[in-house]
Amino acid sequence: MTIEMSARVVLPVTQLALLAVCSCSQPSASECMNNSECPAQSFCHHELCVNDDEAPHITITAPTQSALVSTSSVLLSGSVEDVPGSGIASVEYRVGDGAMAPLTLSSEGGFSVEVPVPEVDYVPRTATVRATDAVGNEATSSVTFFVDRVDHLWTRQFGTDAYDEATGVATD
């Protein structure tokens, strides 16, 4: 099934639904052959300029918020998506105040990187992931975890060693 939107543009209902989901205004206003023919915050989709005013969505799955890390590195993993949208242009990460470094996404939008952590006593560290889509919408997501690799300050502070060594997450 198709719906005729102008004398030159005919969209299948499934594509019309995509345009409705992304809150596009006047979907038949601009025809295009590539993104450079579309106004700012828009991208070319099936020969129509589509507005994209939503930032990508970032999910950080590891480390978890307030995790206790007692190893020499921490796994930073999660996913990024921009649906519907113009697509992900770049993803970067940093731990603490360090410089942003590029992250590579899998074909499903997942990321995973081992990040070295210093040998410090119960110091909070923040991992930040930033994603930018093809029209410049940007999102950031952060998680704070704690590093205790010296003599388990956790035990001295809380009187227990109640955390899971495998995941580094406090259980008490």
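Residues numbered from 1 in each chain as written. Predicted model: local features only at pLDDT ≥ 70, side-chain atom pairs only at ≥ 80, totals over all residues. Heavy atoms only, no water.

### A word on the sheet that holds strand β9 (residues 101-102)
As a reminder, the rule being used: Note on pairing: two strands pair once DSSP finds at least 2 bridges between them. The helix count covers DSSP runs of H or I at least four residues long, the strand count covers runs of E at least two residues long, and both are numbered beginning at the N terminus.
Overall, mixed pairing links the five strands, which are arranged β6-β12-β11-β8-β9 in an open sheet. Edge strands, defined here as strands with exactly one partner in the open sheet, are β6 (68-69) and β9. Pairing analysis gives two bridges linking strand β8 (residues 88-95) to β9, with the strands arranged antiparallel. Its bridge partner lying in β9, Y93 is registered against A101.

### Things to note about the pattern of salt bridges
Side-chain pairs of opposite charge can arise whenever the charged atoms involved come near each other. For the record, the criterion: Every case where a carboxyl oxygen of Asp or Glu lies within 4 Å of a side-chain nitrogen of Lys or Arg is listed as a salt bridge. Under the scheme applied here, a residue whose accessible area is under 20% of the maximum for its type counts as buried, over 50% as exposed, and between as partly exposed, the area being computed with a 1.4 Å probe on protein chains only.
This model, assessed by the stated rule, comprises one salt bridge. In this structure, the salt-bridge partner of R130 is E92, at a minimum N-O distance of 2.7 Å. Here R130 is found in strand β11 (residues 123-133), whereas its partner E92 is found in strand β8, with 38 residues between them in sequence. Residue classification places E92 among the partly exposed positions, given a relative accessible area of 22%.

### Details of the sheet that holds strand β5 (residues 57-62)
Stated formally: Orientation is described by lines fitted to C-alpha atoms, with helices fitted over the stretch in contact, and by angles between N-to-C directions that extend from 0 to 180 degrees.
The three strands are arranged β5-β7-β10 in an open sheet whose pairing can be described as antiparallel. At either margin of the open sheet sits one strand with a lone partner, and together these are β5 and β10 (110-116). Each strand of the sheet is rotated relative to its neighbour by a mean of 25°, with strand direction disregarded. Relative to strand β7 (residues 73-81), β5 runs antiparallel, the two sharing five bridges. Within the sheet, the bridge partner assigned to I60 lies in β7 and is G78.

### Considerations on the confidence of the model for the protein chain
We count it as follows: On a range of 0 to 100, pLDDT expresses the predictor's confidence in each residue. Between two residues, a contact is recorded if the distance between any of their heavy atoms is within 4.5 Å.
Overall, the predicted model of the protein chain reaches an average pLDDT of 77, with 69% of residues at or above 70. Considering only residues more than four positions removed or in separate chains, one finds that residues 1-28, a stretch of pLDDT under 50, has 41 contacts.

### With respect to unusual backbone geometry
Here A62 and P63 are connected by a cis peptide whose omega angle stands at -5°. Position of P63 relative to the elements: it lies in the loop between β5 and β6. Even without being a glycine, S66 presents a positive backbone phi close to 70°. Inspection of the secondary structure puts S66 in the loop between β5 and β6. On the accessibility criterion, S66 (40% relative accessible area) is partly exposed.

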